[in-house]
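# Remarks on the overall topology
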Amino acid sequence: LFDGIYPFYVQQRKVSVFDVSTIIVIVVFLTFASSFLLIIPGIRGRARLYWTLRVLFSLMVGVVIVVVHFTGDWETGWVTANTSYKSFSHALVTADIGLHVGLAGVNVTLMGNPVNQVNETINYNEHFAWSFDADYDHSYSVGLERGLPSPILYVAEKFTTQSPCGVHRQYRISSHYASATLWVAFCTWLISNILFSMPVLVYGGYMLLVTGAFMIFSLLSFSTVRNSLTCPIHFGTAILHTGYGGSFWLTLVIGLLCFVAGITVVTLHYFNLDLLKTFFDLREDKAEEHQEVTEVYINPCFVGDKEL
């Protein structure tokens, strides 16, 4: 104890939605997009618009598939409650308590309302990882030793392996398979870009459909946790309810867009191939391949030599 108060030790904080890995991925894809925008003035005519649409759409799909692995808002919930602040203390604080579930773990946020109460600044955001290379229970034990505020420990305790809620294994397995299927979607996205550049347009469309399918599979995998028994998180009379967050809906939207794009490419291949090749800037190549030679020039001297 330090003057009757449990000390709080400084640690590296992880934000609930964005972290360093997310920023790195976004910067990499923005670099690719900026490089393309530098060369786009060299493309003439309508092909410039078609190239812009194709490249930006492809980069958008790729960045979403990668970024959602590192975000922490697949499932989110907030509640405002009047709750105890520390163990062995009768002091009550009014705070906003947030739960953010990602594929790699959970973030528990505690923000005072107002921020300064009981002579302290109440603004916490703690990350507890449950990936296969992390020990969730150990992270929770470290939080106990550090003397984290009671609301954070109460929420984090719901996801431990020893908790009566029994949701730790369900969340961990569902998040693992959701992450695995997203990486498969990333591989199929790469293959689709290779096929479009060869160009084998119809097979690129098929791979876009596969990409969308694996993104939907990842959502189905994560949503299985909603079928398990709910574990209510009470703060007095207030209850912390959670729902699907921004990363979940963003993945759903991009997956549906991949379906729409793939179906469009396949449909145009069988019903309007010329329009499809125009969009992929292939009509000029086709014209050159099938261009007929109308006049033939023969060197008279060469013919004379052959006759001799």
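Residues numbered from 1 in each chain as written. Predicted model: local features only at pLDDT ≥ 70, side-chain atom pairs only at ≥ 80, totals over all residues. Heavy atoms only, no water.

### Observations concerning the overall build of the chain
Along the backbone of the chain there are 10 helices and 7 strands. Looking at the 308 residues of the chain, the share that counts as buried comes to 42%. Intrachain contacts of the chain at a sequence separation of at least 6 include 67% that bridge at least 24 residues. When the accessible area of the chain is evaluated, it comes to approximately 17800 Å², of which 64% is carbon and sulfur surface. (Helix = DSSP H or I, 4+ residues; strand = E, 2+ residues; numbered from the N terminus. Buried < 20%, exposed > 50% of the residue type's maximum accessible area, 1.4 Å probe, protein only. Contact = heavy atoms within 4.5 Å. Areas by Shrake-Rupley, 256 points an atom, 1.4 Å probe, with all protein chains shown as cover.)

### Comments concerning the packing of aromatic side chains
Applying the stated criterion across every chain, the model contains 19 aromatic pairs. Centre to centre, the rings of phenylalanine 128 and tyrosine 136 are 5.9 Å apart; their planes meet at 50 degrees, and the pair counts as tilted. Three or more aromatic residues joined by ring pairs make a cluster, and in this case those are Trp74, Phe222, Tyr244, Phe248 and Trp249. Across from the ring centre of phenylalanine 279, 5.8 Å away, lies the NZ or CZ of arginine 54, which sits over that ring. (Phe/Tyr/Trp six-rings, centres within 6.5 Å; stacked < 30°, edge-to-face > 60°. Lys NZ or Arg CZ within 6 Å of the ring centre and 35° of its normal.)

### Observations regarding helix H3 (residues 136-146)
Looking only at H3, the buried set comprises Tyr136, Tyr140, Gly143 and Arg146. The buried residues of H3 occupy one face: seen down the axis, they fall within an arc of 120 degrees. In the core, the buried residues of H3 are packed alongside strand E3 (105-117), strand E4 (120-129), helix H4 (150-157) and helix H5 (168-197). Near the N-terminus of H3, the side chain that reaches the backbone nitrogen of aspartate 137, with its oxygen 3.2 Å away, is that of aspartate 135. One or two residues past the end of H3 sits glycine 147, with phi positive at roughly 75 degrees. (Arc of directions from axis to C-beta. Polar contact = N/O pair within 3.5 Å; in protein donor to acceptor, adjacent residues only side chain to side chain.)

### Focus: the environment of serine 163
The topology assignment puts serine 163 in the loop between H4 and H5. For serine 163, a relative accessible area of 6% corresponds to the buried category.

### Some remarks on the nonpolar core
Within the largest apolar cluster, 61 residues are counted, with the highest numbers of intra-cluster contacts made by Trp74, Leu99, Leu110, Phe128 and Phe235. Sort the elements by how many residues they give to this core and helix H2 (residues 47-67) lands first, with 9 residues. By size, the runner-up hydrophobic cluster in this structure holds 8 residues, among which are Phe196, Leu201, Leu208 and Ala261. (Core = buried A, V, L, I, M, F, W, Y, C linked by side-chain atoms within 4.5 Å.)

### Digging into the UniProt feature "transmembrane region" (unreviewed entry) in the chain
The UniProt record marks residues 20-39, 51-71, 91-110, 177-196, 202-225 and 246-271 with the feature "transmembrane region" (unreviewed entry), using the residue numbering of this structure. A distance of 16 Å separates the end C-alpha atoms of residues 91-110, which is 0% helix and 80% strand. As a span, residues 246-271 carries 100% helix and 0% strand, and end to end its C-alpha atoms are 37 Å apart. (UniProt positions renumbered as here; feature names shortened; annotations may be inferred.)

### A short note on the layout of surface pockets
Here the largest pocket is characterised by a volume of approximately 680 Å³. Around the largest pocket sit 27 residues that line it, and Arg54, Val55, Phe196, Phe279 and Phe280 are the ones nearest its centre. Elements with a minimum of two residues in the lining of the largest pocket: H2, H5, helix H6 (201-223), helix H7 (246-271) and helix H8 (273-279). When residues in the lining of the largest pocket are grouped by element, the largest group, 8 residues, is from H2. Class assignment for the residues of the lining of the largest pocket results in 21 nonpolar, 5 polar and 1 charged. (1 Å grid on protein atoms, 1.4 Å probe; cavity = no way out; pocket = protein on both sides within 12 Å on 5 of 7 lines; lining within 4 Å. Points joined across faces, edges and corners; volume = space filled by probe spheres on them. Nonpolar A, V, L, I, M, F, W, Y, C, P; charged D, E, K, R; others polar.)

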